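Descriptive structure summary
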Amino acid sequence: TRMALAHKANDRSKETLSAIRKIIAQGNKLQPDDPKLLILYYRSFVDFGAAPSENARQGLARAFDLAPHDGRLRFNAAKMFLRVGNKAEARTMLAPLAYSPHGKGLAQQAAALIAILDKGDDKEALKAADAPEAPEDEDGDGDDTKAGTN
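Going along each chain's sequence as written, the residues are numbered from 1 onward. Two thresholds apply to this predicted model, a pLDDT of at least 70 for residue-level local features and 80 or more for giving and counting side-chain atom pairs, whereas whole-chain, interface and lining totals are computed over all residues. Note that the side-chain values use all heavy atoms of the structure and ignore hydrogens as well as water.

**Here's the deal with the confidence of the model for the protein**
This is how it is decided: Values of pLDDT, which run from 0 to 100, indicate the predictor's confidence residue by residue. Under the DSSP-based scheme used, a helix requires at least four consecutive residues in state H or I and a strand at least two consecutive residues in state E, with every element numbered from the N terminus. Residues count as neighbours in contact if any of their non-hydrogen atoms are within 4.5 Å of one another.
Scored by pLDDT, the protein has a mean of 86; 88% of the residues are at 70 or more. Helix H4 (residues 54–66) holds the highest mean pLDDT among the elements of the protein, 96, whereas helix H1 (residues 2–8) holds the lowest, 83. Overall, residues 136–147 carries pLDDT values under 50, and its contacts beyond four positions in sequence, including any with other chains, amount to 19 contacts.

This is how it looks when you write it as structure tokens:
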């Protein structure tokens, strides 16, 4: 995809990102309830080192509403809420992952992040949220999709 090529080439030009977002927006008009498009729009900011717009954050939250079973999406939505200061919502979103009976990958990261949040260490929580994520097949949901990757 154009976004992957731009990321690989480290092309963060305004023109490239605008073109990528335009393509995503066109797809979203055709399929407004496709969580992948909403996730891509959010990623068009964070993958290129930019703070996501309010519209992008709302889109990621909507993507989660549409696909709450996606563990990686849940984890990334929780990180988004944490970054904007909504620790309670972040914790609520992390809990199902943290207490997953599979106990690997994102489940372990979610449990660790909840423990940090419960200690009240906001700086450490943000640092932990920005740590590399678990390998894709260890998110506890049994599939290896990347739909919610941040």
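**A few points about the pattern of salt bridges**
Put simply, the test is: A pairing counts as a salt bridge when a side-chain nitrogen of Lys or Arg comes within 4 Å of a carboxyl oxygen of Asp or Glu. Only protein chains enter the accessibility calculation, which uses a 1.4 Å probe. A residue is then buried if its area is under 20% of the maximum for its type, exposed if over 50%, and partly exposed in between.
Counted by the stated rule, this structure contains six salt bridges. Notably, a salt bridge pairs Arg62 with Asp33, separated by 2.9 Å at the nearest N-O pair. Here the residue Arg62 occupies a position in helix H4, and Asp33 occupies one in the loop between helix H2 (14–30) and helix H3 (35–46), the gap between them amounting to 29 residues. Arg62 sits in the partly exposed class, given a relative accessible area of 35%. Of the charged contacts, one joins Asp47 and Arg43 as a salt bridge, the two residues approaching to 3.0 Å between their closest N and O atoms. For Arg43, a relative accessible area of 18% gives the class buried.

**Digging into the nonpolar core**
How we decide: To form a nonpolar core, buried Ala, Val, Leu, Ile, Met, Phe, Trp, Tyr and Cys residues must be joined to one another through side-chain atoms within 4.5 Å.
Membership of the largest hydrophobic core comes to 37 residues, with the highest contact counts inside it found for Leu60, Leu73, Leu82 and Leu94. Listed by contribution, the elements that provide at least two residues to this core are H1, H2, H3, H4, helix H5 (71–83), helix H6 (87–98), helix H7 (106–119) and helix H8 (122–129). Element by element, the count of residues in this core is highest for H5, at seven residues. Every residue in contact with Leu94, bar those within four places of it in the chain, is listed here: Phe75, Ala78, Ala110, Leu113, Ile114 and Leu117.

**So, the packing of H4 against H5**
Keep this limit in mind: All axes are obtained by fitting lines to C-alpha atoms, using only the stretch in contact for helices, and the reported angles, taken between N-to-C directions, cover 0 to 180 degrees. Should the near helix be turned anticlockwise from the far one by less than a right angle, the crossing is left-handed, and should it be turned clockwise, the crossing is right-handed. Residue polarity is assigned by list, with Asp, Glu, Lys and Arg as charged and Ala, Val, Leu, Ile, Met, Phe, Trp, Tyr, Cys and Pro as nonpolar; anything else, Gly included, falls into the polar class.
Running from N to C, H4 and H5 cross one another at 145°; their axes reach a closest spacing of 10 Å. Note that H4 runs across H5; the crossing there is left-handed. On H5, the residues that touch Arg57, Leu60, Ala61, Ala63 and Phe64 of H4 are Leu73, Arg74, Asn76, Ala77, Met80 and Phe81. Per-class residue counts for the contact of H4 with H5 are eight nonpolar, one polar and two charged.

**Regarding H4**
Rules: The span one expects for a helix is its residue count, reduced by one, times 1.5 Å. Taking the helix axis as origin, the arc is that swept by the directions to the C-beta atoms.
The end-to-end C-alpha separation of H4 is 18 Å, in line with the 18 Å expected for 13 residues at 1.5 Å each. For H4, the full list of buried residues reads Ala56, Gly59, Leu60, Ala63 and Phe64. Along the axis of H4, the buried positions cluster into a sector of 140°, meaning they face one direction only. Of the surrounding elements, those touching the buried residues of H4 are H3, H5 and H6.

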